[in-house]
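# Descriptive analysis of the structure
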Amino acid sequence: MDVLQRYADPDEDENFYSCAWTYDNASHLLCAAGERGIVRVINVTTHRGERSLVGHGNSINDLRFHQRDPLLLLSASKDHSLRLWNVKTGACIAILGGVDGHRDEVLSGDFDIGGRYVVSCGMDHALKTWDLGDVNADSRRRGDDGPSFSSEVVHFPLFSTRIVHRNYIDCVRWLGQLVLSKSCENAIVLWKPPGMGDDDDGGNVDSTPIVLHTFEMNNCEIWYLRFALDYFQTVLACGNQAGRVFLWDLEADKIDSPVQLIHPKCDAPIRHVGFSRCGNIMVTVSDNVTVWRWDRRM
């Protein structure tokens with residue numbers, strides 16, 4: 001690997017916890033955030049920092065971009081809230097949290113494929129779904145007003161539960177109208193939140209989620225081990241504390257034991273997994289400051 005660019009934060013004590021890629025016209029943007037609670041928007045095409053998104057009151061644990069609008073960014077924070085940003089204008093469009101929000105660090109969040117719903121999880125053992133409704137419908141126009149316009153505060157989630165997991169929930173992702181979530185319990189759980197179909201109760205916050213499947217692993221008792229889905233949502237992957245990667249084929253007629261990827265020199269906890277757009281290349285990052293590339297045999 002050759003280093004093409006390097007970004008040095010103005011604060012030497014900054015530690016980045018998450019990053020996410022997007023684009024604006026012909027420019028590729030990289031957003032990074034972490035301990036200081038500031039999102040840095042870096043234009044890697046022009047080699048310059050675009051802006052800093054300031055508003056969170058504590059560290060930022062996760063960043064995710066909107067599926068259909070590449071300028072809408074979701075951030076999950078230690079300050080018990082999530083924020084929706086327009087990275088083009090720097091405006092904070094909405095704050096998800098407050099009266100019935102998370103009661104501890106928010107560790108992960110994700111947009112559904114339509115961009116209307118957000119799912120979040122955290123250290124309070126809670127999973128919450130949020131209905132953005134019309135909050136982000138006019139985000140570009142409202143964001144053009146600059147930072148002077150008031151952010152919309154969403155105090156009440158569409159649905160909330162603490163019965164799917166009994167420990168910190170460090171990763172959550174949509175799978176169609178279903179949700180995949182992972183805790184420090186050696187398993188990823190597939191479940192259906194109320195309010196996401198025509199045959200349920202409309203999203204009562206006190207309704208019971210339906211657990212559909214449990215993907216079991218081992219050596220996954222520590223938190224901040226993130227799983228990933230490929231672009232077409234056909235493969236699920238997650239690493240463990242021993243440096244192994246578990247792979248499940250979500251298109252299989254019957255989901256049995258996962259395929260395990262093992263290498264004798266890969267023996268440290270794998271914190272994150274990522275797929276190429278085509279799904280044939282997977283990258284994992286480990287605690288021993290190594291990056292691993294795994295290629296699918298064709």
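Only a predicted model underlies this, so the values are computations on that prediction, with no experimental measurement involved. Along each chain, the written sequence defines residue order, and numbers are assigned to residues from 1. The predicted origin of the model limits local features to residues at a pLDDT of at least 70 and limits the giving and counting of side-chain atom pairs to 80 or more, whereas totals for whole chains, interfaces and linings rest on all residues. Calculation of side-chain values draws on the structure's entire complement of heavy atoms; hydrogens and water are dropped beforehand.

Helix and strand definitions follow DSSP, with helices as H or I runs of at least four residues and strands as E runs of at least two, each counted in order from the N terminus. Counting its secondary structure elements, the protein chain contains 1 helix and 24 strands. Computation of the radius of gyration draws on C-alpha atoms alone. For the globule rule, the value is 2.2 Å times the number of residues to the power 0.38. A globule of 298 residues ought to have a C-alpha radius of gyration of about 19 Å, and the protein chain, at 19 Å, matches this closely. Each principal axis of the C-alpha distribution contributes one length, and for the protein chain these read about 55 × 55 × 35 Å. Relative to its 298 residues, the protein chain shows a buried fraction of 52%. Throughout, a residue-residue contact means that at least one pair of heavy atoms, one from each residue, lies within 4.5 Å. Counting only contacts in the protein chain whose residues sit at least 6 apart along the sequence, the fraction spanning at least 24 positions is 49%. To measure how exposed things are, a 1.4 Å probe is used in the Shrake-Rupley method; for residues, cover is taken only from the protein chains shown. Summed over all atoms, the accessible surface of the protein chain reaches about 14800 Å², with 47% contributed by carbon and sulfur. Seen as two clouds, the 30 positive and the 41 negative side-chain charges of the protein chain have centres 3 Å apart. Exposed residues in this analysis have more than 50% of their type's maximum accessible area, buried residues have under 20%, and partly exposed residues fall in between, with area computed by a 1.4 Å probe over protein chains only. His is not counted, nor are the chain ends, whereas Lys and Arg count as positive and Asp and Glu as negative. The atoms used to mark charge sites are NZ of Lys, CZ of Arg, CG of Asp and CD of Glu.

Let's shift gears to the environment of V154. Assignment of secondary structure puts V154 in strand 12 (residues 152-154). Classification of V154 by relative accessible area gives buried; the value is 12%. In this structure the C-alpha to C-alpha distance between V154 and G101, which are 53 residues apart in sequence, comes to 8.7 Å. Ignoring anything within four residues of it in the chain, the contact list for V154 reads I95, L96, G97, W130 and V135.

Here the focus is unusual backbone geometry. Even without being glycine, H47 reaches a positive phi, approximately 60 degrees. Structurally, H47 is set in the loop between strand 3 (38-43) and strand 4 (48-54). Classification of H47 as exposed rests on a relative accessible area of 57%.

Here we take up the layout of surface pockets. Of the grid points, spaced at 1 Å and generated over the protein atoms alone, those admitting a 1.4 Å probe that cannot get out make up cavities, while open sets with protein on both sides within 12 Å along at least five of seven lines make up pockets; any residue with an atom within 4 Å of a point is treated as lining. Grid points are joined across faces, edges and corners, and a volume is the space filled by probe spheres set on the points. The calculated volume of the second largest pocket comes to roughly 270 Å³. Contributing to the lining of the second largest pocket are 14 residues, with V235, L247, L261, F275 and R296 lying nearest its centre. Among the elements that make up the lining of the second largest pocket, the one with the highest residue count is strand 20 (residues 245-249) (3 residues).

The next thing to look at is the packing of aromatic side chains. Two aromatic rings, drawn from Phe, Tyr or Trp (for Trp, its six-membered ring), form a pair once their centres lie within 6.5 Å of each other, and the interplanar angle then sorts them: stacked below 30 degrees, edge-to-face above 60, tilted otherwise. Taken as a whole, this structure holds 8 aromatic pairs when the rule is applied. Note on Y231 and F232: the rings are 5.0 Å apart at their centroids and 85 degrees apart in plane angle, and the pair reads as edge-to-face. Summarising the aromatic geometry, the rings of F246 and W248 are spaced 6.2 Å apart at their centres and angled 20 degrees between planes, so their arrangement reads as stacked. Note on accessibility: F246 and W248 belong to one class, buried. Sitting over the ring of Y231, R277 keeps its end group 3.9 Å from the ring centre. Placement of a charge over a ring requires the Lys NZ or Arg CZ to be within 6 Å of the ring centre, with the centre-to-atom vector within 35 degrees of the ring normal.

It is worth spelling out the sheet that holds strand 14 (residues 169-175) at this point. Note on pairing: two strands pair once DSSP finds at least 2 bridges between them. Reading across from one edge, 14-15-16-17 is the order of the 4 strands in this open sheet, with antiparallel pairing throughout. The two strands at the open ends of the sheet, each matched to only one other strand, are strand 14 and strand 17 (210-216). On average, each strand axis in the sheet is inclined to that of its neighbour by 20 degrees, with strand direction left out of account. Bridge count between strand 16 (residues 187-192) and strand 17: 6 bridges; the pairing is antiparallel. If you follow W191 over to strand 17, its bridge partner there is V211. In this description, a line fitted to the C-alpha atoms serves as the axis of each element, helices being fitted only across the stretch in contact, and the angle between N-to-C directions of two axes falls anywhere from 0 to 180 degrees.

Here, a salt bridge means any side-chain nitrogen of Lys or Arg that lies within 4 Å of a carboxyl oxygen of Asp or Glu. Inspection of every chain in the model, using the stated rule, returns 12 salt bridges. Notably, a salt bridge pairs D11 with R36, separated by 3.1 Å at the nearest N-O pair. Here the residue D11 occupies a position in the segment before strand 1 (16-24), and R36 occupies one in the loop between strand 2 (27-34) and strand 3, the gap between them amounting to 25 residues. Note on R36: relative accessible area 36%, which makes it partly exposed. Between D62 and R226 there is a salt bridge; the shortest N-O distance is 3.4 Å.

Turning to the sheet that holds strand 8 (residues 91-96), a few remarks are in order. If you trace the 5 strands from one edge of the open sheet to the other, you get 5-6-7-8-12, paired in mixed fashion. Unpaired on one side and paired on the other, strand 5 (60-65) and strand 12 mark the two borders of the sheet. Within this sheet the neighbouring strands show an average axis-to-axis angle of 20 degrees, counted without direction. Summarising the sheet, strand 5 and strand 6 (residues 72-77) pair through 5 bridges and their orientation is antiparallel. From the neighbouring strand, D62 faces strand 6, where its bridge partner is A76.

Here we take up the pairing of strand 19 (residues 235-239). The element strand 19 is extensively covered by neighbouring structure, given that 5 of its 5 residues are classed as buried. Side chains V235, A237 and G239 project from strand 19 onto one buried face, and the interleaved L236 and C238 project onto a second face that is buried too. Alignment of strand 18 (residues 228-229) against strand 19, held across 2 bridges, turns out to be antiparallel. When the sheet's bridge partners are listed, A228 is paired in strand 19 with A237. Taken together, strand 18 and the strand that follows it, strand 19, pair antiparallel across an intervening segment of 5 residues, in which Q233 is found at a positive phi of about 55 degrees. With 5 bridges connecting them, strand 19 and strand 20 associate as antiparallel partners. Looking at the pairing, L236 lines up with W248 of strand 20. A loop of 5 residues connects strand 19 with strand 20, the two strands running antiparallel in sequence, and G243 in this loop sits at a positive phi of about 85 degrees.

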